[in-house]
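# Architecture at a glance
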Amino acid sequence: MAQHHRGNDADGYGTDGSIDAPLSEDPRQTSPFAISPLIGPRVVTLAYDGLCTFEFGVAAEVFGLARPEMGEGWYRHATAAIEAGPLRAAGGLTVMATGGLALLEEADLIVVPGWRGIDEPVPKTLLQALRAAYSRGARLMSLCSGVAVLAATGLLDGRRATTHWRYADAIAARHPEIRLDPDVLYVDEGEILTAAGSAAGIDLCLHVVRRDFGAEAANSVARRLVVPPHREGGQAQFIVRPVPQEREGQRLSPLIDWIDANLQREVTLAEMAARAGMSTRTFQRRFRDATGTSPGEFLLARRLRHACDLLERQARLSLDDIAVAAGFGTPATLRHHFRTRLSTSPAAYRARFAQGS
């Protein structure tokens with residue numbers, strides 16, 4: 001994320017350490033939402049001096065790109081500058097936004113795409129605007145270090161949240177009231193959503209599309225982005241570790257294909273090790289190095305992903321059928337793993353994400 005920031009005169013800081021930033025011109029006179037041919041949810045992505053270009057681009061790509069195949073109910077997107085421009089952005093870019101903080105008064109979803117520094121104070125005007133938007137029902141979403149902005153509002157107190165693993169300790173120390181989970185890619189707390197490191201912002205944005213428009217719409221956006229609609233695992237698999245040798249990947253790739261083709265049956269650790277041509281102990285170590293997780297956790301994640309796919313796409317299959325097809329055996333076991341891993345039930349998941357729902 002960008003670490004540079006604009007210097008501010010000491011008189012620009014509030015008594016609580018926040019900055020009284022100047023506002024851009026009131027955009028309501030020429031609101032981009034008023035002239036949009038679309039009628040869907042209004043998404044506002046923030047722009048600030050020291051803008052994190054990648055995170056901003058993720059939000060603009062998912063919510064702001066023209067998608068005529070989605071119809072007139074697709075998202076309407078606008079960018080709101082939190083301070084007077086021009087604004088510097090990572091990569092040597094300069095940004096000028098057409099709207100200011102008044103756009104937040106119209107927003108259904110507000111995206112904070114990173115922040116200029118994990119220790120940088122947040123403008124009081126921005127905090128007030130975010131609290132007001134939340135109070136009237138807008139959803140708030142942060143990507144990567146943008147959690148620092150939401151944390152400063154106090155709205156994350158008592159809630160689960162996540163951020164890039166590099167910033168987890170700093171956020172936890174400054175905001176102990178937040179139930180920080182640094183091991184997941186994103187957290188959905190209903191009206192407040194947070195994503196982990198940069199690319200996890202894509203995962204969260206696709207999740208929001210799934211919530212708003214269903215699985216097929218999210219899959220369509222994912223195909224255009226050339227990314228998977230879901231990723232198993234959490235941040236732990238991306239923390240620095242020895243890079244597996246290429247030959248290990250070649251040895252494990254056929255095994256992973258075999259696992260995916262045999263999810264409906266019992267798969268033992270000894271069987272996986274034998275198929276990989278390794279002892280059990282060596283297999284466990286090399287599998288973790290290659291995938292970032294244990295064979296058992298990997299198998300469970302694959303079973304859950306397959307069950308989710310069946311719930312989304314196969315409306316005629318009963319929970320009994322899906323439990324057997326995914327290798328859980330019984331609906332009770334399927335429900336248990338959905339509760340513990342996905343914080344929902346199979347029935348609730350199907351109701352939210354099934355095609356045509």
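In this convention, every chain numbers its residues from 1, walking through the sequence in written order. This being a predicted model, a pLDDT of at least 70 is required before a residue's local features are given, and a value of 80 or more before pairs of side-chain atoms are given or counted; all residues contribute to the totals for chains, interfaces and linings. Working from all heavy atoms in the structure, the side-chain values ignore hydrogens and water.

Looking now at the overall build of the protein. Across its full length, the protein carries 14 helices and ten strands. A 1.4 Å probe rolled over the protein chains alone gives each residue an accessible area, and that area as a share of the maximum for its type sets the label: buried under 20%, exposed over 50%, partly exposed in between. Out of the 357 residues belonging to the protein, those deemed buried represent 47%. Contacts are assigned to residue pairs that have any heavy atoms within 4.5 Å of one another. The contacts in the protein between residues at least 6 apart in sequence include a share of 68% that link residues at least 24 apart. As displayed, the protein has an accessible area near 16,500 Å², and 52% of this comes from carbon and sulfur atoms. A helix here means a DSSP run of H or I that spans at least four residues, while a strand means a run of E at least two residues long, and both kinds are numbered starting from the N terminus. Only the protein chains shown count as cover for residues, with accessible areas throughout obtained via the Shrake-Rupley method and a probe of 1.4 Å.

We now examine the sheet that holds strand β2 (residues 76–81). Two strands are counted as paired when DSSP detects at least two bridges linking them. Strand order in this open sheet of six strands is β2-β1-β5-β6-β10-β9, and the pairing throughout is mixed. What marks the edges here is a single partner per strand, and that holds for β2 and β9 (186–188). Adjacent strand axes in the sheet meet at a mean angle of 15°, parallel and antiparallel pairs treated alike. An axis is simply a line fitted to the C-alpha atoms; with a helix, the fit covers only the stretch in contact. Between two such axes, the angle follows the N-to-C directions and lies from 0 to 180 degrees. Lying on the sheet, helix α6 (residues 200–213) is in contact with β5 (109–113), β6 (139–143), β9 and β10 (192–195); it crosses β6 at an angle near 155°.

Attention now goes to the nonpolar core. Grouped burial of nonpolar side chains is what soluble globular proteins tend to show. In these notes, a set of buried Ala, Val, Leu, Ile, Met, Phe, Trp, Tyr and Cys residues joined through side-chain atoms within 4.5 Å is what counts as a nonpolar core. Counting 44 residues, the largest nonpolar core has Leu46, Leu104, Ile110, Leu126 and Leu156 as its most contacted members. Those elements that place two or more of their residues in this core are β1 (42–47), β2, β3 (87–89), β5, α3 (124–135) and α4 (147–153).

The omega torsion of the bond from Gly85 to Pro86 falls at 5°, within 30 degrees of zero and hence cis. Among the structural elements, Pro86 can be located in the loop between β2 and β3. Positive phi outside glycine occurs at Cys144, with the angle close to 55°.

Next up on the list: the packing of aromatic side chains. Note on ring pairs: Phe, Tyr and Trp rings are taken, using the six-membered ring of Trp, and paired if centres are within 6.5 Å. Classes follow the plane angle, with under 30 degrees stacked, over 60 edge-to-face and the rest tilted. Following the criterion strictly, the structure yields eight aromatic pairs and no others. Taking 5.4 Å as the distance between ring centres and 50° as the angle between the ring planes, the aromatic pair formed by Phe283 and Phe287 counts as tilted. Taken together, the residues span about one helical turn, with Phe283 and Phe287 both in helix α10 (residues 280–291) at a distance of four residues. Taking the centre distance of 5.2 Å and the plane angle of 80° together, the rings of Phe287 and Phe298 count as edge-to-face. Pair noted here: Phe287 is in helix α10 and Phe298 is in helix α11 (residues 295–313), with a separation of eleven residues, a long-range link. Ring pairs connect the aromatic residues Phe63, Trp74, Tyr75 and Phe213, which therefore count as one cluster.

It is worth spelling out the confidence of the model for the protein at this point. For every residue, the predictor states its confidence as a pLDDT score lying anywhere from 0 to 100. For the protein, the average pLDDT comes to 84, and 84% of its residues sit at 70 or higher. Ranking the elements of the protein by mean pLDDT puts helix α8 (residues 246–261) last with 78 and β5 first with 98. Segment residues 1–28: pLDDT under 50, and 80 contacts once partners within four positions in sequence are set aside and those in other chains are kept. In this model residues 236–246 is a low-confidence stretch, pLDDT under 50, and it forms 14 contacts with partners more than four residues away in sequence or in other chains.

In this structure, Arg116 sits in the loop between β5 and α3. Sequence separation of Arg116 and Ala89 is 27 residues, and the distance between their C-alpha atoms is 9.3 Å. Nitrogen and oxygen atoms within 3.5 Å of one another constitute a polar contact, given that in protein one can donate a hydrogen and the other can accept it, and given that sequence-neighbouring residues count only through two side-chain atoms. At a separation of 3.2 Å, a polar atom in the side chain of Arg116 contacts the main-chain carbonyl oxygen of Asp49. A distance of 2.6 Å separates a polar atom in the side chain of Arg116 from a polar atom in the side chain of Glu83.

So, on to the pattern of salt bridges. Put simply, a salt bridge is a Lys or Arg side-chain nitrogen that is within 4 Å of an Asp or Glu carboxyl oxygen. According to the stated counting rule, one finds 16 salt bridges in the structure shown. Ionic pairing is found between Arg42 and Asp108, a salt bridge with its closest N-O pair at 3.3 Å. With Arg42 in strand β1 and Asp108 in the loop between β4 (93–95) and β5, this pair connects stretches of sequence that are 66 residues apart. Arg265 is the partner of Glu271 in a salt bridge, and the nearest nitrogen-oxygen pair spans 3.1 Å. Assessed through its relative accessible area of 23%, Glu271 is described here as partly exposed. For Arg265, a relative accessible area of 31% gives the class partly exposed.

Moving on to the packing of α6 against helix α14 (residues 346–353). Axis separation between α6 and α14 bottoms out at 7 Å; the angle between their running directions is 80°. Between α6 and α14, the angle is such that the two are roughly perpendicular. Where α6 approaches α14, its residues His207, Arg210 and Arg211 are matched on the opposing element by Tyr349, Arg352 and Phe353. Here roughly perpendicular refers to angles of 65 to 115 degrees, roughly parallel to angles under 35, roughly antiparallel to angles over 145, and oblique to all remaining angles.

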